[in-house]
Amino acid sequence: QVQLVESGGGLVQPGESLRLSCEVSGSIMSNIMGWYRQAPGKQRELVARVTRGGSTWYADSVKGRFTISRDNAKNRVDLQMNSLKPEDTAVYYCNAVALYERWSWGQGTQVTVSS
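Structure report, in brief. Quick caveat, the model's predicted, so the values are computed rather than measured.

### Quick notes on the sheet that holds strand E3 (residues 18-25)
Here's step 1: Ordered in space as E1-E3-E8-E7, the 4 strands form an open sheet in which the pairing is antiparallel. For this open sheet the edge positions go to strand E1 (3-7) and strand E7 (66-71), each flanked by a neighbour on one side alone. Taking the axes of each pair of neighbouring strands and ignoring which way they run, one obtains an average angle of 15 degrees across the sheet.
Here's step 2: Inspection of the sheet shows E3 paired to strand E8 (residues 76-81) by 6 bridges, in the antiparallel sense. The residue of E8 that forms the bridge with Glu23 is Arg76.

Quick look at the structure:
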């Protein structure tokens, strides 16, 4: 059974940084892995994705502030988040991007940006 375990969240002030990690067990990571987030009362949204070869894409709301990376040998995908804003507050999840490769969602990791 595939498990996704996200970690690294926390409470930070605006402008600060966090680094999130997602460990995938039970399967090798899919070709395209993504970080998603879900804020209270909103739908889950994709904020960044990375291919096995390292090509990346970012949502406009995080472009220039977030950096996604993956370590295929360690079956891990990370999200470096800089210059955090209150609107980045959400529960962050990782998963495969392609629907047919999607696994059950993990618990996620809470990121709260507040002064």
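### Examining the state of the cysteines
Here's step 1: Counting across every chain of the model gives 1 disulfide.
Here's step 2: Sulfur-sulfur distance for the disulfide between Cys22 and Cys94 comes to 1.7 Å. Highlighted residues: Cys22 in strand E3 and Cys94 in strand E9 (residues 90-96), separated in sequence by 72 residues.
Here's step 3: When its relative accessible area of 0% is taken as the criterion, Cys22 is described as buried.

### Topic: the packing of aromatic side chains
The way to describe two aromatic rings as a pair is by their centre distance and the angle between their planes.
Here's step 1: Scanning all chains against the criterion turns up 2 aromatic pairs.
Here's step 2: The interplanar angle of 90 degrees and the centroid separation of 5.0 Å between the aromatic rings of Tyr36 and Trp105 together place this pair among those described as edge-to-face. In this pair, Tyr36 sits in strand E4 (residues 32-38) while Trp105 sits in the loop between E9 and strand E10 (109-113), placing the two residues 69 residues apart along the sequence.
Here's step 3: Accessibility expressed as a relative area gives 7% for Tyr36, which makes it buried.
Here's step 4: Its relative accessible area of 30% is what places Trp105 among the partly exposed residues.
Here's step 5: With 5.8 Å between their ring centres and 75 degrees between their planes, Tyr93 and Trp105 make a pair best called edge-to-face. Of this pair, Tyr93 sits in strand E9 while Trp105 sits in the loop between E9 and E10; the two residues are 12 residues apart in sequence, bridging distant segments of the chain.

### Concerning the environment of Tyr58
Here's step 1: Within the element layout of this structure, Tyr58 appears in strand E6 (residues 56-58).
Here's step 2: Side-chain polar atoms of Tyr58 contact the backbone nitrogen of Ile68, separated by 2.9 Å.

### Thoughts on the pattern of salt bridges
A side chain with one charge may pair with a side chain of the opposite charge, provided their charged atoms come close.
Here's step 1: Enumeration over the complete set of coordinates arrives at 6 salt bridges.
Here's step 2: The salt bridge involving Glu45 is made with Arg37; its shortest N-O contact spans 2.8 Å.
Here's step 3: For Asp78, the salt bridge is made with Arg76, and the minimal N-O distance between the two is 3.2 Å.
Here's step 4: In this structure Asp78 comes out as buried when scored by relative accessible area, which is 4%.

Rules used throughout
- Residues numbered from 1 in each chain as written.
- Predicted model: local features only at pLDDT ≥ 70, side-chain atom pairs only at ≥ 80, totals over all residues.
- Heavy atoms only, no water.
- Pairing = 2+ DSSP bridges.
- Helix = DSSP H or I, 4+ residues; strand = E, 2+ residues; numbered from the N terminus.
- Axes fitted to C-alpha atoms, helices over the stretch in contact; angles between N-to-C directions.
- Disulfide = S-S within 2.5 Å.
- Buried < 20%, exposed > 50% of the residue type's maximum accessible area, 1.4 Å probe, protein only.
- Phe/Tyr/Trp six-rings, centres within 6.5 Å; stacked < 30°, edge-to-face > 60°.
- Polar contact = N/O pair within 3.5 Å; in protein donor to acceptor, adjacent residues only side chain to side chain.
- Salt bridge = Lys/Arg side-chain N within 4 Å of Asp/Glu carboxyl O.

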